[in-house]
Each structure stands twice: as structure tokens, then as C-alpha cells.
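# Per-entry structural report
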Amino acid sequence: RSSDSTSSKKSSKNKDPKKLGLYQMAKVGYQELCNAIIRPPRSNYKLEALGPEEFEFCGEQFVRKDFGVVNERGLLVECSIWKKAPKE
């Protein structure tokens, strides 16, 4: 009879997410760390955070062009490229 109560305690212990063992806590922590490094959350930026659309560097004028590219998963990836401004 005591073995029955022990086995029921073990099964209920494993089902309760609040009562993780040391191994389970380490495993969950490691998975969260890997996800943070390998697949960090995406950042949202305002266009103003990218700086001015036109600027001068070493005597040359540059302009920023913003555009979007659809990736293999069908998601829009926002991009920016800086180029020398056309001479007037």
C-alpha cells in the first residue's frame, strides 16, 4: 500500500509544472538560453532610429533607401541600404 501512495505522489509531482526537479529546471533554463541566443526576439524600430535619410561622410553625400524583401516563409523583411547620392 505504501508503494501505491509513493507512485501516485511521483506521478502527481511530474504533472505539476510548479514543482520541477533540478534536472527539469536546468533543461528548461538551457532551452530558454539557447532560444535567446539562436532565435532572439525580434526588435521593432522606428524609421527615425535609423538616422537621417541623407548625410555627408568624408566629403561625400550619402542617402538611405528603405525597402522590403519577402523571405522563403512569406514574411516581409525590412531593409535599408546606404548609397552615394547621385551627383547633381
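Here's a quick rundown of the structure. This structure is a prediction, so every number in the text was calculated from the model and none was measured.

Rules behind the numbers
Residues numbered from 1 in each chain as written. Predicted model: local features only at pLDDT ≥ 70, side-chain atom pairs only at ≥ 80, totals over all residues. Heavy atoms only, no water. Helix = DSSP H or I, 4+ residues; strand = E, 2+ residues; numbered from the N terminus. Polar contact = N/O pair within 3.5 Å; in protein donor to acceptor, adjacent residues only side chain to side chain. Contact = heavy atoms within 4.5 Å. Phe/Tyr/Trp six-rings, centres within 6.5 Å; stacked < 30°, edge-to-face > 60°. Buried < 20%, exposed > 50% of the residue type's maximum accessible area, 1.4 Å probe, protein only.

### Thoughts on the side chain of Arg 64
Structurally, Arg 64 is set in strand β2 (residues 60-70). One polar contact links Arg 64 to Asp 66, side chain to side chain, over a distance of 2.9 Å. With residues near it in sequence (within four places) discarded, Arg 64 still touches Leu 47, Leu 50, Gly 51, Pro 52, Glu 53, Ser 80, Ile 81 and Trp 82.

### Describing the packing of aromatic side chains
If you walk through the whole model with that rule in mind, you get one aromatic pair. With a centroid separation of 5.6 Å and 15° between ring planes, the pair formed by Phe 55 and Phe 62 is classed as stacked. By relative accessible area, Phe 55 is classed as partly exposed at 29%. The buried category is assigned to Phe 62, whose relative accessible area is 17%.

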